[in-house]
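A closer look at the structure
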Amino acid sequence: MAGHSKFKNIMHRKGAQDKKRSSMFSKLSREITVAAKMGLPDPDMNPRLRAAIAAAKAQSMPKDNIQRSIDKASKGDGENYEEIRYEGFGPGGVSLIIEALTDNRNRTATNVRTAVSKNGGNLGTAGSVSHGFDRMGLITYPAKAGDAEKVFEAALEAGAEDVASSEEGHEIWTAQDALHEVARALEPVLGEAEGAKLAWRPQTMVDVGEEDAAKLFKLIDALDDDDDVQTVWGNYEVSDEVMEKLG
């Protein structure tokens, strides 16, 4: 295990709280329903559902909301969502991978394309940027789970491939097919994870200056406001100095 990544994704960004909270719950609910439909509605028997519920609990989503989302899948109610991935470029030459869950492919494609083009980016074809990322498992823990050494030792023992710790928390990276096995092994030592999902990890980072960073964050916020967009991954790195200037 080596290397510390300052890579951040849209899940860690917060804006206008009420609107963001409502949008976040909508995205979490959608992921729970999809996970429950794809496997058994029992989190003990369905790793993706277990991870989705853990993520919802980490954001203080009410238990009733979580159960309603599971019941939708069990009863066959609600929309049928499909998973779609868009690839493209943002300000400063940043590579972006946009993951969506949608019941209307045309609507989502139009909204994503509009958000990207209006904010200094452009969409590419499938595979245009994903070759610069590794598909891996990502398990996240809050800082209170333990210090960097404790988390590193636990991750090493559990079979993880890399760990990045900061004041904000811990990112534990695993092989794609080892995600849920490692997550289970970590639980007795570190407790329930904040999140456990498949992720896109950039192979190289792009340092973004103040002007491009402002445009990039505006683009990410525009995508975040779309309920169909679940996660945005990027290979951008913004220095603390630039972040302070942007407030």
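Computed from a predicted model, the values in this text were never measured in an experiment. (Residues numbered from 1 in each chain as written. Predicted model: local features only at pLDDT ≥ 70, side-chain atom pairs only at ≥ 80, totals over all residues. Heavy atoms only, no water.)

**A closer look at the overall build of the protein**
What counts, and what does not: Runs of E in the DSSP output that reach at least two residues are strands. Runs of H or I that reach at least four are helices, and both are numbered from the N terminus. With the radius of gyration taken over C-alpha atoms, the globule rule is written as 2.2 Å times the number of residues to the power 0.38. Buried means the residue's accessible area, taken with a 1.4 Å probe over protein chains only, is under 20% of the maximum for its type, while exposed means over 50%, and partly exposed covers the values in between. Two residues qualify as a contact provided that any one of their heavy atoms is within 4.5 Å of a heavy atom in the partner residue. Computed with the Shrake-Rupley method and a 1.4 Å probe, the accessible areas treat only the protein chains shown as cover for residues. In this tally, Asp and Glu contribute negative charge and Lys and Arg positive charge; neither His nor the terminal groups of the chain are included. A charge is said to be at NZ when it belongs to Lys, at CZ for Arg, at CG for Asp and at CD for Glu.
Across its full length, the protein holds 8 helices and 10 strands. In terms of overall size, the protein behaves like a compact globule, its C-alpha atoms giving a radius of gyration of 18 Å where 247 residues would be expected to give roughly 18 Å. For the protein, the C-alpha atoms occupy an extent of roughly 45 × 45 × 35 Å along the three principal directions. Taken over 247 residues, the protein has a buried fraction of 45%. Sequence-distant contacts, at least 24 apart, represent 75% of the contacts inside the protein between residues at least 6 apart. Of the roughly 12600 Å² that the protein leaves accessible, carbon and sulfur atoms contribute 47%. Within the protein, one finds 31 positive and 42 negative side-chain charges whose respective centroids are separated by 6 Å.

**Here's the deal with the sheet that holds strand 2 (residues 94–102)**
Applied cut-off: Two strands are said to pair when DSSP picks up at least two bridges between them. Note on geometry: axes are C-alpha line fits, over the in-contact stretch for helices, and angles between N-to-C directions span 0 to 180 degrees.
Pairing in this open sheet of 4 strands is antiparallel, and the strands run 3-1-2-9 from one edge to the other. In this open sheet, the two strands that pair with only one neighbour each are strand 3 (122–123) and strand 9 (229–234). In the sheet, strand 2 pairs with strand 9 via 5 bridges, with the strands oriented antiparallel. Directly across from leucine 96, in strand 9, lies its bridge partner glycine 234. Sheet strands touched by helix 7 (residues 210–224): strand 1 (82–90), strand 2 and strand 9. Its angle to strand 2, the strand with the most contacts, is close to 10°.

**Things to note about the packing of aromatic side chains**
Remark: the centre distance and the inter-plane angle together describe each pair of aromatic rings, the angle taken between the planes. Which entries qualify depends on this criterion: Two aromatic rings, drawn from Phe, Tyr or Trp (for Trp, its six-membered ring), form a pair once their centres lie within 6.5 Å of each other, and the interplanar angle then sorts them: stacked below 30 degrees, edge-to-face above 60, tilted otherwise.
Here the structure, examined in full by the defined rule, presents 1 aromatic pair. Ring plane angle 75° and centroid distance 6.4 Å describe the contact between phenylalanine 217 and tyrosine 236, whose orientation is recorded as edge-to-face. Of this pair, phenylalanine 217 sits in helix 7 while tyrosine 236 sits in strand 10 (residues 236–237), and the two are 19 residues apart along the sequence. You'll find phenylalanine 217 and tyrosine 236 in the same group, each marked buried.

**Some remarks on the side chain of aspartate 228**
Inclusion rule: Whenever a nitrogen or oxygen atom comes within 3.5 Å of another N or O atom, the pair is scored as a polar contact, on the condition that within protein one atom can donate a hydrogen and the other can accept it, and that pairs from neighbouring residues in sequence are kept only if both atoms are in side chains.
Mapped onto the secondary structure, aspartate 228 falls in the loop between helix 7 and strand 9. We classify aspartate 228 as buried; its relative accessible area is 3%. Within the structure, aspartate 228 has its side chain in polar contact with the side chain of arginine 107 (distance 2.9 Å). When neighbours within four sequence positions are excluded, aspartate 228 is seen to be in contact with Arg30, Glu99, Ala100, Leu101, Thr102, Arg107 and Thr108.

**Quick word on unusual backbone geometry**
Notably, serine 60 is not glycine yet its phi reads approximately 60°, a positive angle. As for its position among the elements, serine 60 is in the loop between helix 2 (47–58) and helix 3 (63–75).

**With respect to the layout of surface pockets**
Applicable threshold: Points on a 1 Å grid, built from protein atoms alone, make a cavity when a 1.4 Å probe fits but cannot get out and make a pocket when they are open with protein on both sides within 12 Å along at least 5 of 7 lines; residues with an atom within 4 Å of a point are the lining residues. Grid points are joined across faces, edges and corners, and a volume is the space filled by probe spheres set on the points. Residue polarity is assigned by list, with Asp, Glu, Lys and Arg as charged and Ala, Val, Leu, Ile, Met, Phe, Trp, Tyr, Cys and Pro as nonpolar; anything else, Gly included, falls into the polar class.
In this model, the second largest pocket occupies a volume close to 210 Å³. Lining of the second largest pocket is provided by 16 residues; of these, Arg50, Ala51, Ala54, Glu187 and Glu192 occupy positions nearest its centre. Those elements giving two or more residues to the lining of the second largest pocket turn out to be helix 2 and helix 6 (179–190). With 6 residues, the top contributor of residues to the lining of the second largest pocket is helix 2. Grouping the amino acids of the lining of the second largest pocket by side-chain chemistry returns 9 nonpolar, 2 polar and 5 charged.

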